[in-house]
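Results of the structural survey
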Amino acid sequence: MKLCMIGTGYVGLVSGVCFADLGNEVICVDKDINKINLLQEGKIPIYEPGLSELVIKNLKNKRLKFSTDLKKSIRDSDIIFICVGTPTKKGNSSADLSQIFNVAKQISYSINKFKIIVTKSTVPVTTGDKIEKILSKKNNKKKFSIVSNPEFLREGEAIRDFIYPDRIVIGSNDKKSSRILKNLYNPLTSKGAQYFKTSRRAAELIKYASNSFLATKITFINEIANLCEKTGINIEDISIGMGLDKRIGSRFLRTGPAYGGSCFPKDTKAIISTANKFKINLSVIKSVIKSNKNRSNLLLNRVYEILNKKIKNKKITFLGVTFKANTDDMRDSSSLIMIPSLSKKGAIIKYFDPTGSKKEFKKIKNVTYENSIKKSILKSDLVIIHTDWNDFKSINFKNLTKKKKFIIFDMRNIYSPIKIKKMGFKYFSLGR
Ligand code: UGA
């Protein structure tokens, strides 16, 4: 099949490269010429384990191309995937669909024969109907079919998630397109992925409902962790005990800092905005957003308590500052709230992240990047483990620090409290 991916962000790039690897001819288009130039040389603008190797491999075998020529790419392809961003609108919480509608207009000008147009971007319910309207205006009758095929990739695990998905959701009101897409995904469904065909509107909502549900699950376990701290219970036992019930499941029941990233914060807000338009009150998701917002302040209060409310001139280290491990993405990371707040209170902060220094902290007083774990924690009073990169999982703290009174606050529950306390460190974690 000849595929065109419009937008080379996470979704477009990862899906395009993986589709090429499955044997399709793929052209990935973006209006950012610098990005396309880099990609043509096999250089990847984002951090995603394994992606670079797949891009180079598929460029070599000529199944993968990159271009800025949208019109030609559309004309040359059978299936067009819209993979542009849908960020939160400035000034309100709904999704900004301007890029989606721009692309729809471009497609309507360029259509030359029957095309399947698939939205992979996360779009509010009824967006497919609006795209259909835009395309219909241009006398394109019977030349297209609009399908919703939401993506469930996680940053840092994107390639594995593409190749081994739990399910593939196809929302289409047209039999021919559904059949073609079923064939396209056959290499994945034949290895066990569930294929779920539904209406276009349902597919659009499945994506928002899934992200909101996962955000709810995390927020739920974070609040239970707060209760565990007061009752002498280990939250890990609760996560395991609950997760053993197949109706609940063990995944996304790990306590941690406030959830972040480019998706959960944006999509929970957007689904509420959609529901408001239909006069529906999504009170559970509203509470989730509120609770998650409070979480960074709650953890900051724990830091104050751990340091006996004496923050001024305290040397604090952050290990990991991105919103989670295995990504360089800082969007809505809880470190963006915690680090500036501690700096304001007079702390001297050093941080190390495997993906390097971050522009977000450049102008913040007394915040410096160190290029190794050792340098960042050498004279520290308190080390905060903020993300669970493998690099942080077996640190020999004894050899690395000169301080005797050295405190560790493990926000990802990586270490065993018993073992680390035996080593003589003051150790705090979440929900235990
Ligand atoms: C999320 C979804 O998991 C993907 O299925 C979806 O495709 C994607 O959004 C999207 O809409 O594009 P992602 O944002 O990459 O993926 O990150 P997650 O791995 O879901 O983590 C989100 C946040 O939840 C992170 O801050 C992470 O630390 C936190 N988290 C996750 C927990 O605190 N506990 C957990 O058990 C799991």
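So, how was this worked out
- Residues numbered from 1 in each chain as written.
- Predicted model: local features only at pLDDT ≥ 70, side-chain atom pairs only at ≥ 80, totals over all residues.
- Heavy atoms only, no water.
- 1 Å grid on protein atoms, 1.4 Å probe; cavity = no way out; pocket = protein on both sides within 12 Å on 5 of 7 lines; lining within 4 Å.
- Points joined across faces, edges and corners; volume = space filled by probe spheres on them.
- Helix = DSSP H or I, 4+ residues; strand = E, 2+ residues; numbered from the N terminus.
- Nonpolar A, V, L, I, M, F, W, Y, C, P; charged D, E, K, R; others polar.
- Salt bridge = Lys/Arg side-chain N within 4 Å of Asp/Glu carboxyl O.
- Buried < 20%, exposed > 50% of the residue type's maximum accessible area, 1.4 Å probe, protein only.
- Domains from an automatic or database assignment.
- Contact = heavy atoms within 4.5 Å.
- Buried area = accessible area lost by both parts, 1.4 Å probe.

Quick look at the layout of surface pockets
Empty space within the second largest pocket amounts to approximately 360 Å³. As for the second largest pocket, its lining consists of 17 residues, and the residues nearest its centre are Pro265, Lys269, Ile289, Asn292 and Lys293. Contributing elements (two or more residues each) for the lining of the second largest pocket: α12 (264–277), α13 (283–306) and α14 (335–344). Tallying contributions element by element places α13 first for the lining of the second largest pocket, with five residues. Here the residues of the lining of the second largest pocket sort into seven nonpolar, six polar and four charged.

A word on the pattern of salt bridges
In the structure shown here, the tally under the stated rule is 19 salt bridges. Where arginine 200 meets aspartate 129, a salt bridge forms, and the shortest distance between an N and an O atom there is 3.0 Å. Pair noted here: arginine 200 is in helix α10 (residues 200–231) and aspartate 129 is in helix α6 (residues 127–137), with a separation of 71 residues, a long-range link. Accessibility expressed as a relative area gives 5% for arginine 200, which makes it buried. Using a relative accessible area of 25% as the deciding quantity, one classes aspartate 129 as partly exposed.

Considerations on the domain arrangement of the protein
For the protein, the assigned domains read domain 1 (2–198), domain 2 (208–293) and domain 3 (294–428). Relative placement of domain 2 and domain 3: their C-alpha centres are 24 Å apart. With 19 residues of domain 2 at the contact, the number on the domain 3 side is 18 residues. Together domain 2 and domain 3 conceal approximately 1,400 Å² of surface at their shared face, both sides included; 45% is due to carbon and sulfur atoms. Along the contact surface separating domain 2 from domain 3 lie two salt bridges. Taking the shortest distance from any N to any O, the salt bridge between arginine 302 and glutamate 229 comes out at 3.2 Å.

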